[in-house]
Each structure stands twice: as C-alpha cells, then as structure tokens.
Amino acid sequence: MAYKINMKKCLKCGLCVTQCPEKAIVVIDKVTEADGLTLYTCKIDPDKCTGCDACFSFEWWCPAKAIIKG
C-alpha cells in the first residue's frame, strides 16, 4: 500500500526525507525564510515506496502525523 503526505498537516520540517529506508520521500521544494528557517515541501514517490510501513509506524518520523495510508 502506498502512502502520501497530508499537506494540510505537514510542518515542512523535512525529517521524513532523512528517515525513509527506500529514499521514497523526496523534496520537491525548499524555501529558506528570512529568519533562517528552512521549510521543505516533500512527496512520497509511489514508484520507490515499498509500503514497508516505517514512515507510518514510527510517529517520531513525522511529528505532525501527516503521513497517511492512501
């Protein structure tokens, strides 16, 4: 089963990108704000996602719980 990121809940922290064992979560946009905060817009590539459940199973990967099954 593929996963996706609920963009309404996403904090744009980028933690998920560094944790995916299949490298299926990719950055599609990166913006650095005036205060130095970097925000990442990410997506899950369905061709790379193996449905391993790692991104969904460990809530510390996504503090906003924005990764959903779908």
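As a reminder, the structure under discussion sits directly above these lines.
A quick note: this is a predicted structure, and the numbers were derived from the prediction, not measured.

### Looking at the nonpolar core
In step 1: Formed by 16 residues in total, the largest nonpolar core has its most connected members in Tyr3, Ile5, Ile25, Ile44, Cys55 and Ile67.
In step 2: When residues of this core are traced back to their parent elements, those giving at least two are strand S1 (3–5), strand S3 (38–44) and helix H2 (54–57).
In step 3: In contact with Ile5, not counting residues within four places along its chain, are Cys10, Ile25, Cys42, Lys43, Ile44, Ala66 and Ile67.

### What about the environment of Cys52?
In step 1: Within the fold, Cys52 resides in the loop between S3 and H2.
In step 2: The class of Cys52 is partly exposed, set by a relative accessible area of 42%.
In step 3: Along the primary structure Cys52 and Cys20 are separated by 32 residues, whereas in three dimensions their C-alpha atoms are 9.5 Å apart.

### Concerning the pairing of S3
In step 1: Bridge analysis of strand S2 (residues 25–32) against S3 gives 7 bridges, and the strand direction is antiparallel. Its bridge partner being in S3, Thr32 is matched across the sheet by Thr38.
In step 2: The hairpin turn running from S2 into S3, its antiparallel successor, is 5 residues long, and Gly36 in that turn takes a positive phi close to 95°.

### Some details on the environment of Met7
In step 1: Within the secondary structure, Met7 sits in the loop between S1 and helix H1 (15–19).
In step 2: Looking at Met7, the relative accessible area reads 37%, which means it is partly exposed.
In step 3: Met7 sits 60 residues away from Ile67 along the chain, and the two C-alpha atoms are 9.0 Å apart.
In step 4: When residues no more than four places from it in sequence are discounted, the contact partners of Met7 are Lys12, Thr41 and Cys42.

### As for the state of the cysteines
In step 1: The full count for this structure, using the stated rule, is 0 disulfides.
In step 2: There is no disulfide at Cys13, and the cysteine sulfur nearest it, in Cys62, is 6.3 Å away.
In step 3: Residue Cys13 is classed as partly exposed on the basis of its relative accessible area, which comes to 36%.
In step 4: Free cysteine Cys49: the closest other cysteine sulfur is in Cys55, separated by 6.1 Å.

Reading the values: the criteria
- Residues numbered from 1 in each chain as written.
- Predicted model: local features only at pLDDT ≥ 70, side-chain atom pairs only at ≥ 80, totals over all residues.
- Heavy atoms only, no water.
- Core = buried A, V, L, I, M, F, W, Y, C linked by side-chain atoms within 4.5 Å.
- Buried < 20%, exposed > 50% of the residue type's maximum accessible area, 1.4 Å probe, protein only.
- Helix = DSSP H or I, 4+ residues; strand = E, 2+ residues; numbered from the N terminus.
- Contact = heavy atoms within 4.5 Å.
- Pairing = 2+ DSSP bridges.
- Disulfide = S-S within 2.5 Å.

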